[in-house]
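This is what each chain is made of:
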Amino acid sequence: MQDEHRILIWRPLYRFERARVRAWTCYEHRLTSYELCEVGGLAFIRRTVVSRGRRVVSESDAWPHGEAQVVWAALLAGRAR
């Protein structure tokens, strides 16, 4: 039986244009990459998708740091999308 997945809501880059990137996935040879970002006591995940030469950047909701770390680990393990 497969574990339940956490569904992330992705929104256009709108709220946190300037944030500190704390962790990231490889982006050189991938069409989708992720960054774990922090700003103002919160953390969120920024997703960049490259399709047909266009970059589309979006962000998840923001959480307290501890919860964001859990979501980040789930994303890396394939349990969040």
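Reading the values: rules and limits
Counting from 1, residues in each chain are numbered in the order their sequence is written. The predicted origin of the model limits local features to residues at a pLDDT of at least 70 and limits the giving and counting of side-chain atom pairs to 80 or more, whereas totals for whole chains, interfaces and linings rest on all residues. As a rule here, side-chain values come from all non-hydrogen atoms in the structure, and water together with hydrogens is ignored. Any two strands between which DSSP finds at least two bridges are classified as paired. Segments assigned H or I by DSSP are reported as helices when at least four residues long, segments assigned E as strands when at least two residues long, and all are numbered from the N terminus. Expected span, for any helix, means 1.5 Å times one less than how many residues it has. When a residue's accessible area, from a 1.4 Å probe over protein chains only, is under 20% of the maximum for its type it is buried; when over 50% it is exposed; and in between it is partly exposed. The directions from the helix axis to the C-beta atoms form the arc being described. When checking whether two residues touch, look at their non-hydrogen atoms; a contact exists if any pair is within 4.5 Å. Nonpolar cores were defined as sets of buried Ala, Val, Leu, Ile, Met, Phe, Trp, Tyr and Cys residues, with membership established by side-chain atoms within 4.5 Å.

**Thoughts on the pairing of strand E3 (residues 32–39)**
In terms of strand pairing, strand E2 (residues 20–24) meets E3 through four bridges, oriented antiparallel. Bridging across to E3, Trp24 finds its partner in Glu35. Hairpin geometry of E3 and strand E4 (residues 42–51) is characterised by an intervening segment of two residues between the two adjacent antiparallel strands and by a positive phi of about 55° at Gly40.

**As for helix H1 (residues 65–76)**
Here H1 is twelve residues long and its end C-alpha atoms lie 16 Å apart, about the 16 Å a rise of 1.5 Å per residue gives. Taken as a whole, H1 has its buried residues at Ala68, Val71, Trp72, Ala74 and Leu75. When H1 is viewed along its axis, its buried side chains cluster within an angular range of 160° and face the same direction. Of the residues in H1, the exposed ones pointing more than 90 degrees away from the buried face are Val70 and Leu76. Contact partners of the buried residues in H1: E2, E3 and E4. Once H1 ends, the next one or two residues include Gly78, with phi positive near 85°.

**A closer look at the sheet that holds strand E1 (residues 11–12)**
If you walk across this open sheet you meet the five strands as E1-E5-E4-E3-E2, and the pairing is antiparallel. Two strands close off the open sheet at either side, each with one partner strand: E1 and E2. Inspection of the sheet shows E1 paired to strand E5 (residues 54–59) by two bridges, in the antiparallel sense. Across the sheet, Arg11 pairs through a bridge with Glu59, a residue of E5.

**Some remarks on the nonpolar core**
One finds Leu8, Tyr34, Leu36, Ile45, Trp63, Trp72 and Leu75 to be the most contacted residues of the largest nonpolar core, which totals 13 residues. Only E3, E4 and H1 provide two or more residues apiece to this core. The element that contributes the greatest number of residues to this core is H1, accounting for five residues. In this structure Trp72 touches Ala23, Trp24, Thr25, Tyr34, Glu35, Leu36 and Ile45, once residues within four positions along its chain are discounted.

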